[in-house]
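Spelled out from the first residue to the last, the chains are:
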Amino acid sequence: MGKQQAGPDEMKVAIVYDSGYGHTAKQAVAVAEGVGRVAGAEAQLIAVANDEISWEVLEASDAIIFGSPTYNGTLSSRLKKFMEDSTRPAWFPQKWRNKVAAGFTNSGAMHGDKLNSLVTMALFAAQHGMIWVGLDIFPGKSADEQNRVGGWLGAMAQSNDESPELSPIPSDLNTAAYLGQRVAEITKQLHSGRA
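Since we're looking at a predicted model, the values are computed, not measured. Each chain has its residues counted from 1, following the order in which its sequence is written. In keeping with the model being predicted, local features are shown solely for residues with a pLDDT of at least 70 and side-chain atom pairs are shown and tallied solely at 80 or more, while totals for entire chains, interfaces and linings include all residues. Calculated side-chain values reflect all of the structure's heavy atoms, with hydrogen atoms and water omitted.

Let us look at helix H1 (residues 23–35). End to end, H1 covers 19 Å across 13 residues, agreeing with the expected 18 Å (1.5 Å per residue, within 8%). A 1.4 Å probe rolled over the protein chains alone gives each residue an accessible area, and that area as a share of the maximum for its type sets the label: buried under 20%, exposed over 50%, partly exposed in between. Runs of H or I in DSSP of at least four residues are treated as helices and runs of E of at least two as strands, each being numbered from the N terminus. Every buried residue belonging to H1 is among His23, Thr24, Gln27, Ala28, Ala30, Val31, Ala32, Gly34 and Val35, and all of these are buried. Under the convention used throughout, the expected extent of a helix is 1.5 Å for every residue step, that is, one less than its residue count.

Okay, here's the thing in structure tokens:
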């Protein structure tokens, strides 16, 4: 069975993520909501902890957004395992080459070395020949503004040691949704030949 092709106005965006306590999962849902704001874009959430990875779904996607909590200044072991597992089905045959990529992360500390997690994701995407998309919004000046953590490479969030019902806060989720929308818009531009 061959690769299922999306129609000219349809785009598939896979969101591959890990979440230890539910906070990063909440961020992933916000990214998917942002993707859904763009006509013709469809998001698919893929939790590496719960789902067997369908490499065919990822191959058929036009963009892949990666998400992980930041633990000890880097990615979760489960997202790292996903990256290592992609070598044979995706990296050797370069099946993700020229797909759009982006990333998001969350930690308990405001800084928490989240940038290192995003750099790791961006390097992973580069090794697959993907096209990385970051944020294009200036850092917020208050807790109520988008990009309050001040990331450029991807969406960053900070969650207190409390239920995912309470954090990340709305501005962090709005930043995640903005990233999802931006990825879908840029993917659409690339598909239309305008970029």
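Now that the structure is up, let's keep going.
Of all residues except glycine, most have a negative phi; of all peptide bonds, most are trans. Following Ser167, the chain continues into Pro168 via a peptide bond in cis, with omega recorded as 10°. Structurally, the position occupied by Pro168 is in the loop between strand S6 (155–158) and helix H6 (170–192). One non-glycine residue, Asp113, lies in positive phi territory at about 60°. Topologically, Asp113 is positioned in the loop between strand S4 (100–107) and helix H5 (114–127). Given a relative accessible area of 43%, Asp113 falls into the partly exposed group. With a phi close to 55°, Asn147 is a non-glycine residue in the positive phi region. You can see Asn147 is positioned in the loop between strand S5 (131–132) and S6.

Each patch is built from residues that are more than 30% exposed by relative accessible area and take part in no salt bridge. Like charges join if they lie within 9 Å; nonpolar side chains (Val, Leu, Ile, Met, Phe, Trp, Tyr) join within 5 Å. To measure how exposed things are, a 1.4 Å probe is used in the Shrake-Rupley method; for residues, cover is taken only from the protein chains shown. The term salt bridge refers to a side-chain nitrogen of Lys or Arg lying within 4 Å of a carboxyl oxygen of Asp or Glu. Residues Leu115, Val119 and Leu123 make up a contiguous nonpolar surface patch of about 250 Å² in total accessible area. Classification of Val119 by relative accessible area gives partly exposed; the value is 32%.

Turning our attention to the layout of surface pockets. In this approach, a probe sized like a water molecule rolls over the atoms, and the result shows the empty space that is left. Cavities and pockets were defined on a 1 Å grid built from protein atoms only: a cavity is a group of points that admits a 1.4 Å probe but offers it no way out, a pocket is an open group of points flanked by protein on both sides within 12 Å along at least five of seven lines, and a lining residue is one with an atom within 4 Å of any such point. Grid points are joined across faces, edges and corners, and a volume is the space filled by probe spheres set on the points. Computed from the structure, the second largest pocket encloses a volume of approximately 190 Å³. Taken together, 14 residues line the second largest pocket, and the ones lying closest to its centre are Tyr21, His23, Tyr71, Asn106 and Gly108. Within the residue set of the lining of the second largest pocket, elements represented by two or more residues are H1 and S4. In terms of residue class, the lining of the second largest pocket is built from 3 nonpolar, 10 polar and 1 charged. All amino acids are sorted into three groups, where Ala, Val, Leu, Ile, Met, Phe, Trp, Tyr, Cys and Pro are nonpolar, Asp, Glu, Lys and Arg are charged, and the leftover types, Gly among them, are polar.

Whether two aromatic rings pair depends on their centres lying within 6.5 Å, for rings of Phe, Tyr and Trp, where Trp uses its six-membered ring; planes under 30 degrees apart make the pair stacked, over 60 edge-to-face, and the rest tilted. Applying the stated criterion to the full structure yields 10 aromatic pairs. Measuring from ring centre to ring centre gives 6.1 Å for Trp96 and Phe124, while their planes differ by 75°; the resulting arrangement is edge-to-face. Here Trp96 is found in the loop between helix H4 (87–91) and S4, whereas its partner Phe124 is found in helix H5, with 28 residues between them in sequence. In this pair, the class of Trp96 matches that of Phe124, namely buried. Put simply, the rings of Trp55, Phe66, Phe82, Trp96 and Phe124 pair up and form one aromatic cluster.

A separate point is the nonpolar core. Put simply, buried Ala, Val, Leu, Ile, Met, Phe, Trp, Tyr and Cys residues joined by side-chain atoms within 4.5 Å make one nonpolar core. Ranked by internal contacts, the top residues of the largest apolar core, which has 27 residues, are Ile15, Ile65, Phe104, Leu179 and Val183. At the level of elements, strand S1 (11–17), H1, strand S2 (41–47), strand S3 (63–69), S4 and H6 are the ones that each hand at least two residues to this core. The dominant element in this core, judged by the number of residues it contributes, is H6, at 6 residues. By the convention used here, residues are in contact when the closest approach between their heavy atoms is within 4.5 Å. Setting aside residues up to four positions removed in sequence, Ile65 forms contacts with Val13, Ala14, Ile15, Val16, Val31, Val35, Ala102, Gly103, Phe104, Gly180 and Val183. Counting residues in each nonpolar core, the second largest holds 22 residues, with Leu75, Met83, Ala90 and Met121 among its members.

None of the figures reported here should be taken as evidence of function without further support.
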